[in-house]
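# Working through the structure, step by step
As a plain string of letters, each chain reads:
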Amino acid sequence: MTDLTAAAVLALVERVGGDATRVRVESLPTDSAHAAVAGYAAEGGVLTLRGTDVPAVASAFAHYLHAQGRRVTWEAPRLEPLWESWPDAAPTQLRTPFAIRYHLNVVTHGYSTPYWGWERWEQELDWMALHGVTHPLVLTGYESVLAETLRRAGVDDAAARAWIGSAAHLPWMSMGGMHDFGGPLPDRWDERRIDLARRILARAGELGMTPVLPLPGGHVPRTVAGAAADEIEWQGWRTPLLDPASPGFARFLTLFLDTQRSLLGDPGSAPVFAVDPFIESLPPSGDLADLAAAGAGVHSAIAAVHPQATWLLQGWPFHYHRGFWTDERVGAYLSRIPHDRLLLIDLWGEHAPMWRAGMHGRRWIWTAVHNFGGRFALFGDVRGLARDLGELFDAVPPRLEGVGLAPEAIENNTVFYEAAADLVWGPFDPDAWLVDFADQRYGVADEAAREAWRLLGSTLYGPGRTRSIPSPVIARPWSAAAPFATQRLAGEALPAEPTRMSANIDAENDPAVLGDLPAIAHAARLLLSLRGRALSRDSLERDVIEVTGHVLAQTTRHRIRGALAAFASRDASVLRRHGADLHDDLLALDRLAATRADSRVSTWIDQARSWGDTADERDTMERDARSLVSVWGHQSSGLHDYSGRHWAGLIRDLYARRWAAWIDWMATAVEQDAEPDEATLHRTIIAIEEEWREARGSVDVSSDDPLDVAAEILATRASLPSGSPPRPSA
């Protein structure tokens, strides 16, 4: 290991709160059976870290901390109090067969990271290193490279800025899903983003990572594509497509790569590029020869500039549109791409794995998507994750090159992501791991915390929980019926001729959703007992707030069902009483969320506005940020509340108002002895949504203690379940 890479490790140790002057870094050779090897030992206050590369050494450091009962996470990015000595630890070695450890999804850069500055990105890069990441996807700056490429291709500046649109929606523009929505970006956006992207890429390189850079798949304005160019469609947007087999596509990609090099720097001799021409859209032609030419065209255009580059292709379309993507068509599309130049992602590996069918004979990596849209949901099958990754670790199926995490949003369900990172280095017993996680999570060995995580591990994170448990709070009332069952499972395969549908999901047919609430509420009370003892107060607050919020949100199902029953029996007074109780529940949830900055919509808004220099720029940034977490796109796009959150301000000013309008609409019809007019409800709901989208600012900051508010809700909310919770298995 060079002095430079050793220095990167020591700087990482310092940033997370350790004394790097008492840390030694040593190089380990690779062995034929493993892609990476790491290890640690500590004696006399000196910690020795060893590894084959920086991510391996950083992983060794993380595992040393785990052995000392500590864990660096999103909620606890630094060791507090700072560590000035390193407790003794026997020599320990780690090994993994996974050469690639991938991180992030294209759309994470919309649902989580669009407004991050360097401080937050630096923290995430440290998190990646400690979690063994070798290949992070970096979308930051892509839009600035594309804008300059379009200008060099003859598109005027105003048209290029209009095409790119909203900062929050850049991921979908980058994959050809949409364009000309929101924006324009601030005048200094490109200057600031290029500077940020360069810093991200430089730090990733220092930490031994290979950044994955996105490339355009041919989705360009009509003035570039030509009048006769085909279009692809997604959620109502139609996007012109340069034929990937055409000379025009090759010229445009060459221009983009040249621009990318000049703005972001040299990507190296063997870069990895992400290109997804048809992520959730159908190709213009299903003809086998056309598909083969399209795949070959993308590869050839990349190889003409970077002969040793790898094309990283999400396998998502082959699942999502499997009615179109038959084995024959997938085979044709990949047929003319050399095997050593393509890497396929089995994207939703924890729920809908493709690899057992052979991954079309290609090199591949396994990833977990887990979260869709950043919607509030506490879930994740930790035991299933341990089973699946344990199988891959032990068997190493043919052509498997690595594993990773590709969530649509991060900073949620930390237990799932921590488990996935640990499983890279070998199988574990999930029950024992959860006990250790409880100690590490709060920095204290406490039986109450352990019992809480046994309960959570048998309910929210229990077997089969690969799909989210949706929050009824976020559901969009649209008729005199429960709004859950008619809304599709986001991510499930679509029919060959898809219709546009909303993206919330139904849990009314799962008795465990309500049946588990007593155990989950008991877990929240157990965690509350750690007040004053937990070293990581942020982790404790986050868990208590989210678990309590889950229980309160799920019990609103009783209010909604009661209102519908009262409507069916034509009892307006009872209907309005259920509506008042529902409103009180929503305000209580809003008050709970307001106690933490990470669950206030004002935090999201303030981050967006910080990128603008003028009042108009700041207002535009806010409108687009509000769009993403509410209507998402156009009212006709069918993605309402796909990114709904349990955020103060959003609950009070959007969700509660929609539910109140729904209650009043039904009650008024009963009082007038009339049938409710759905068109009237639709106009009212749309008006509420558009008013919220166009609003500015959110007064949602509370100085109340989060644990006090959670304790009050758990003790006093009449809707909460009571009784003895079931005991988890030991």
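These lines cover the structure that appears in this document, whether it is placed above or below. Note that this is a predicted model, so its numbers are computed, not measured.

### Brief notes about unusual backbone geometry
In this model, Glu80 is joined to Pro81 through a cis peptide bond whose omega is 0 degrees. You can see Pro81 is positioned in the loop between helix H2 (54–67) and strand S4 (89–96). Between Gly183 and Pro184 the backbone carries a cis peptide bond, its omega angle lying at 5 degrees. We note that Met359 has phi near 50 degrees; this positive angle belongs to a residue other than glycine. Among the structural elements, Met359 can be located in the loop between strand S12 (342–346) and strand S13 (364–368). A positive phi angle, near 65 degrees, is found at Asp641, a position not held by glycine. Locating Asp641 in the fold gives a position in the loop between helix H23 (615–628) and helix H24 (650–671).

### Structural notes on the sheet that holds strand S11 (residues 310–314)
Taken together, the eight strands give an open sheet; going across it, the order is S6-S5-S14-S13-S12-S11-S10-S7, and neighbouring strands pair in parallel fashion. Two strands lie at the open edges of the sheet, namely strand S6 (135–136) and strand S7 (212–214), each paired on one side alone.

### A few points about the pattern of salt bridges
As a working rule, side chains carrying opposite charge can pair if their charged atoms are close by. In total, this model carries 62 salt bridges according to the counting rule given. In this structure, Arg658 and Asp641 form a salt bridge, with 3.0 Å as the shortest nitrogen-oxygen distance. Here Arg658, found in helix H24, pairs with Asp641, found in the loop between H23 and H24; they are 17 residues apart in sequence, far enough to count as distant. The shortest N-O distance in the salt bridge between Arg657 and Glu691 comes to 3.4 Å. One end of the pair, Arg657, is in helix H24; the other, Glu691, is in helix H25 (residues 678–694), and 34 residues separate them in sequence.

### With respect to the packing of aromatic side chains
A full pass over the atoms with the stated rule returns 35 aromatic pairs. Taking 5.2 Å as the distance between ring centres and 10 degrees as the angle between the ring planes, the aromatic pair formed by Phe428 and Trp433 counts as stacked. Taken individually, Phe428 and Trp433 each receive the classification buried, so the pair is uniform in this respect. The lysine or arginine in question, Arg120, covers the ring of Trp116, its NZ or CZ lying 4.0 Å from the ring centre. Its guanidinium or amino end placed over the ring of Phe324, Arg329 lies 4.3 Å from that ring's centre, counting from NZ or CZ.

### Some words on the environment of Val298
Within the secondary structure, Val298 sits in helix H11 (residues 288–305). The exposure class of Val298 is buried, given its relative accessible area of 1%. When near neighbours in sequence (up to four residues on either side) are disregarded, Val298 contacts Pro244, Phe249, Leu253, Val275, Pro277 and Trp311.

### Topic: a negative patch on the surface
On the surface, a cluster of negative charge is made up of Asp230, Asp243, Asp287 and Asp290. Looking at where Asp243 falls in the secondary structure, it is placed in the loop between strand S9 (237–241) and helix H10 (247–264).

### Re the sheet that holds S4
Consider a sheet: its strands pair through backbone hydrogen bonds, and that pairing is either parallel or antiparallel. Sheet architecture is open: four strands sit in the order S1-S3-S2-S4, paired in mixed fashion. Only two strands of the sheet have a single partner each, and these edge strands are strand S1 (23–27) and S4. When strand polarity is set aside, the average angle formed by the axes of neighbouring strands in this sheet is 15 degrees. Bridge count for strand S2 (residues 36–43) against strand S3 (residues 46–51) is six bridges, and the pairing is antiparallel. What sits directly across from Tyr40, in S3, is Leu49.

### Notes on H10
In this model, H10 (18 residues) spans 25 Å end to end at C-alpha, consistent with the 26 Å of a helix rising 1.5 Å per residue. Considered for burial, the residues of H10 that qualify are Gly248, Phe249, Phe252, Leu253, Phe256, Leu257, Thr259, Gln260 and Leu264. Projected onto a plane normal to the axis of H10, the buried residues spread over an arc of 165 degrees and lie on a single side. Summarising the geometry of H10, the exposed residues directed more than 90 degrees from the buried face are Pro247 and Arg251. Residues of H10 that are buried sit in contact with helix H5 (142–152), helix H8 (189–206), S7, helix H9 (222–225), strand S10 (272–274) and H11. Gly265 lies just past H10 and shows a positive phi near 105 degrees.

### Section: the packing of helix H1 (residues 3–15) against H2
Closest axis-to-axis distance for the H1/H2 pair is 10 Å, and the angle between their directions is 35 degrees. Every pair of crossing elements has a handedness; the one defined by H1 and H2 is right-handed. For the pair H1 and H2, contact is made by Thr5, Val9, Leu12 and Val13 and by Val54, Val57, Ala58 and Phe61, respectively. Tallied by class, the residues present in the contact of H1 with H2 amount to seven nonpolar, one polar and no charged.

### A few points about the packing of H10 against H11
At their nearest, the axes of H10 and H11 sit 9 Å apart, and the two run at 40 degrees to each other. Judged by the angle between their axes, H10 and H11 are oblique. For the crossing formed where H10 meets H11, the hand is right-handed. Of H11, the residues touching H10 (which contributes Phe249, Ala250, Leu253, Thr254, Leu257 and Arg261) are Gly297, Val298, Ala301, Ile302 and Val305. A class-by-class count of the residues in the contact of H10 with H11 yields eight nonpolar, two polar and one charged.

### What to know about the nonpolar core
Membership of the largest hydrophobic core comes to 246 residues, with the highest contact counts inside it found for Tyr333, Trp453, Trp632 and Trp662. In terms of residues, this core owes the most to one element, H24, which gives 13 residues. The contacts of Tyr333, once residues within four sequence positions are left out, are Pro277, Phe278, Leu291, Ala292, Ala294, Gly295, Trp311, Leu313, Phe318 and Trp325.

### Comments concerning the environment of Val396
Residue position: Val396 is located in the loop between helix H14 (382–395) and strand S14 (400–405). As a C-alpha pair, Val396 and Glu418 span 22 residues in sequence and 21 Å in three-dimensional space. Residues in contact with Val396, not counting those within four places in the same chain, are Pro97 and Glu391.

### What about helix H19 (residues 517–528)?
In a regular helix each residue adds 1.5 Å, so twelve residues correspond to 16 Å; H19 covers 16 Å between its end C-alpha atoms and thus fits that length. Considered for burial, the residues of H19 that qualify are Leu517, Pro518, Ala519, Ile520, Ala521, Ala523, Ala524, Leu526, Leu527 and Leu528. Looking at the buried side of H19, the elements it contacts are helix H16 (430–442), helix H17 (447–458), helix H18 (512–515), helix H20 (537–568) and helix H26 (706–716).

### Considerations on the environment of Thr603
Looking at the secondary structure, you find Thr603 in helix H22 (residues 601–609). For Thr603, a relative accessible area of 24% corresponds to the partly exposed category. Each C-alpha atom, one on Thr603 and one on Val701, is 9.4 Å from the other, the two residues being 98 residues apart in sequence.

### Structural notes on the pairing of S14
Among the six residues in S14, five count as buried, and that is most of the element. Sheet topology note: the strand S5 (residues 100–103)/S14 ladder contains four bridges and is parallel. Its bridge partner being in S14, His103 is matched across the sheet by Leu405. Looking at chain direction, S13 and S14 are connected through five bridges and run parallel. Looking across to S14, one finds that Ile365 is bridged to Gly402. Assessed by its sense of winding, the connection that carries the chain from S13 through H14 to S14 is right-handed.

The rules behind the values
Residues numbered from 1 in each chain as written. Predicted model: local features only at pLDDT ≥ 70, side-chain atom pairs only at ≥ 80, totals over all residues. Heavy atoms only, no water. Helix = DSSP H or I, 4+ residues; strand = E, 2+ residues; numbered from the N terminus. Pairing = 2+ DSSP bridges. Salt bridge = Lys/Arg side-chain N within 4 Å of Asp/Glu carboxyl O. Phe/Tyr/Trp six-rings, centres within 6.5 Å; stacked < 30°, edge-to-face > 60°. Buried < 20%, exposed > 50% of the residue type's maximum accessible area, 1.4 Å probe, protein only. Lys NZ or Arg CZ within 6 Å of the ring centre and 35° of its normal. Contact = heavy atoms within 4.5 Å. Patch = residues over 30% accessible without salt bridge, like charges linked within 9 Å, V, L, I, M, F, W, Y side chains within 5 Å. Areas by Shrake-Rupley, 256 points an atom, 1.4 Å probe, with all protein chains shown as cover. Lys, Arg positive; Asp, Glu negative; His and termini not counted. Charge placed at Lys NZ, Arg CZ, Asp CG, Glu CD. Axes fitted to C-alpha atoms, helices over the stretch in contact; angles between N-to-C directions. Expected span 1.5 Å × (residues − 1). Arc of directions from axis to C-beta. Left-handed = near helix turned anticlockwise from the far one by under 90°. Nonpolar A, V, L, I, M, F, W, Y, C, P; charged D, E, K, R; others polar. Parallel < 35°, antiparallel > 145°, perpendicular 65-115°, else oblique. Core = buried A, V, L, I, M, F, W, Y, C linked by side-chain atoms within 4.5 Å. Right-handed = clockwise from strand over helix to strand, strands pointing away.

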